[in-house]
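# Close look at the chain arrangement
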Amino acid sequence: MANPIKRTVFFISDGTGLTAEALGHSLLTQFENVVFSQIRIPFLDSIEKAQEAVHRINAQGESDGMRPIVFTTLIDTEISGIVHQADAFCMSYFETFLAPLEIELGLKSSHTVGRSHGTADSSDYKKRIESINYTLAHDDGITDRGLEEADVILVAVSRCGKTPTSLYLAMQFGLKAANFPLIPEDFDRGRLPGTLEKHRAKLFGLTIQPERLHQIREERRADSKYASLANCRYEIAEAEKMMRREGIRWLDSSTKSIEEISTTILQELNLR
């Protein structure tokens, strides 16, 4: 395989930059032999900041010997115009999608910065905060109290991605997600941990290839029994056996992103 190409990518926004980053990631993942160095510039809401960003982009291009790629979600046309003067390949989310949508609808958009976070979304924002607090309080089997409030309960052996998936479900979709580790004691008892039997309909399992789990655990606790390949194989085999016996739906997280895992969970458990 040829050596990977290296390119610098900027995500620029007058808000958090998360939309620009999500858009960019969805496109960049299609290019497997390119290593992207990613830089996010949020809250770019003035001409001075735009000029500073152009200087930074151009300096990076000179350092790399190749012009950067820039994804923007800038509403203000003057600020956007300044950024697009940079010596870079620029893609504007709003220019690409908003202008054609205005033509189709026969209406001009409001071009209001931060419109998606107005007062109309206050109830949704509150729900997400409540979900995040719930998820943090029910991480890694801390407690089995209040599980009747959970939208989903993830089960898996340690280091399969339970916590980041739970938090993504809470932050992105406002779902209350609890998670419990499956440990050797559970396998010896032949039972699910805590009071999970009562919430079987909410359970979803994660598994992973033993070799990948071994690699992840070695980074955390090198040369330990916990991280040994033999133990990883044992725990994965026992966890999958338990999930099959208990009728728990599950998926292999080895090569899947958190977004892919979360989308599968939403579909499998019919969550909205």
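Residues numbered from 1 in each chain as written. Predicted model: local features only at pLDDT ≥ 70, side-chain atom pairs only at ≥ 80, totals over all residues. Heavy atoms only, no water.

### With respect to the nonpolar core
Let me state the cut-off plainly: As used in this record, nonpolar core signifies buried Ala, Val, Leu, Ile, Met, Phe, Trp, Tyr and Cys residues forming a set joined through side-chain atoms within 4.5 Å. Here's how the labels work: a residue is buried when its accessible area is under 20% of the maximum for its type, exposed when over 50%, partly exposed in between, all with a 1.4 Å probe on protein chains only. Each helix corresponds to a stretch of at least 4 residues labelled H or I by DSSP, and each strand to a stretch of at least 2 residues labelled E; elements are numbered beginning at the N terminus. By definition, residues are in contact when any of their heavy atoms lie within 4.5 Å.
In this structure, Val152, Ile153, Val155, Val157, Leu196, Phe204 and Ile265 are the most contacted members of the largest nonpolar core, which totals 37 residues. Of all the secondary structure elements, the ones that give two or more residues to this core are β5 (152-156), β6 (177-181), β7 (203-207), α8 (210-220), α9 (229-246) and α10 (258-268). Ignoring anything within four residues of it in the chain, the contact list for Ile153 reads Leu147, Ala178, Phe180, Leu196, His199, Lys202, Leu203 and Phe204. One finds Ile39, Ala50, Ala53 and Ile57 within the second-largest nonpolar core, a separate group that totals 17 residues.

### Examining the packing of α8 against α9
To keep things clear, this is the line we draw: Fitting a line to C-alpha atoms yields each axis, with helices limited to the stretch in contact; the angle taken between N-to-C directions then spans 0 to 180 degrees. Working rule for angles: under 35 degrees goes down as roughly parallel, over 145 as roughly antiparallel, 65 to 115 as roughly perpendicular, anything else as oblique. Left-handed describes a crossing whose near helix is turned anticlockwise from the far helix through less than a right angle; right-handed describes the clockwise counterpart.
Two numbers describe how α8 lies on α9: the axes approach to 9 Å, and their chain directions differ by 125 degrees. Judged by the inter-axis angle, α8 sits oblique to α9. For the pair α8 and α9, the crossing hand works out as right-handed. In this structure, α8 uses Pro210, Glu211, Leu213, His214 and Arg217 to contact α9, whose residues at the interface are Leu229, Asn231, Cys232, Arg233, Glu235 and Ile236.

### Considering the pairing of strand β3 (residues 69-73)
Heads up, the condition is: Note on pairing: DSSP must find at least two bridges between two strands before they are called paired. By convention, a crossover is right-handed whenever its connection, traced from the first strand over the helix to the second and viewed with the strands pointing away, goes clockwise.
Most of β3 is tucked away, with five of its five residues classed as buried. The alternating pattern of β3 places Ile69, Phe71 and Thr73 and Val70 and Thr72 on opposite faces, both of which are buried. Note that strand β1 (residues 5-13) and β3 share five bridges and pair parallel. If you follow Ile12 over to β3, its bridge partner there is Thr72. One ladder, built from four bridges, connects β3 with strand β4 (residues 89-92); its direction is parallel. Note that in β4 the partner of Thr72 across the bridge is Ser92. Viewed along the sheet, the connection from β3 through helix α3 (residues 77-83) into β4 turns out right-handed.

### Some details on the side chain of Ser224
As a reminder of what qualifies: Polar contact is defined as a pair of N or O atoms within 3.5 Å, subject to the rule that within protein one atom must be able to donate a hydrogen and the other to accept it, and that residues adjacent in sequence are counted only when both atoms are side-chain atoms.
Inspection of the secondary structure assignment puts Ser224 in the loop between α8 and α9. Within the structure, the side chain of Ser224 is placed 2.8 Å from the backbone oxygen of Arg221, a separation counted as a polar contact.

### What to know about the packing of aromatic side chains
Aromatic ring pairs: the centre-centre distance and the angle between the two ring planes describe each pair. The line we're drawing: Here the aromatic set is Phe, Tyr and Trp, taking the six-membered ring for Trp, and pairing holds for ring centres within 6.5 Å; pairs whose planes are under 30 degrees apart are stacked, those over 60 apart are edge-to-face, and all others are tilted. Over a ring means this: the NZ of a Lys or the CZ of an Arg is within 6 Å of the ring centre and within 35 degrees of the ring normal.
Scanning the entire structure with this criterion turns up five aromatic pairs. Relative to Phe71, the ring of Phe11 lies with its centre 5.8 Å away and its plane at 20 degrees, an arrangement referred to as stacked. Here the residue Phe11 occupies a position in strand β1, and Phe71 occupies one in strand β3, the gap between them amounting to 60 residues. Since its relative accessible area comes to 3%, Phe71 is described here as buried. A ring pair is formed by Tyr93 and Phe94, whose centres lie 5.6 Å apart and whose planes are at 85 degrees; its orientation type is edge-to-face. A cation over a ring is seen here: Arg217 above Tyr226, with NZ or CZ 4.2 Å from the ring centre. The lysine or arginine in question, Arg221, covers the ring of Tyr226, its NZ or CZ lying 4.5 Å from the ring centre.

### Observations regarding the sheet that holds β4
The strand order across the open sheet built from four strands is β2-β1-β3-β4, with neighbouring strands paired in parallel fashion. Here the strands that pair on one side only, and so sit at the sheet edges, are β2 (34-41) and β4. Between one strand and the next, the sheet's axes are offset by a mean angle of 20 degrees, whatever the strand orientation. Sheet strands touched by helix α2 (residues 47-64): β1, β2 and β3. Its angle to β1, the strand with the most contacts, is close to 175 degrees. Here helix α4 (residues 93-105) sits on the sheet in contact with β3 and β4, set at roughly 40 degrees to β4.

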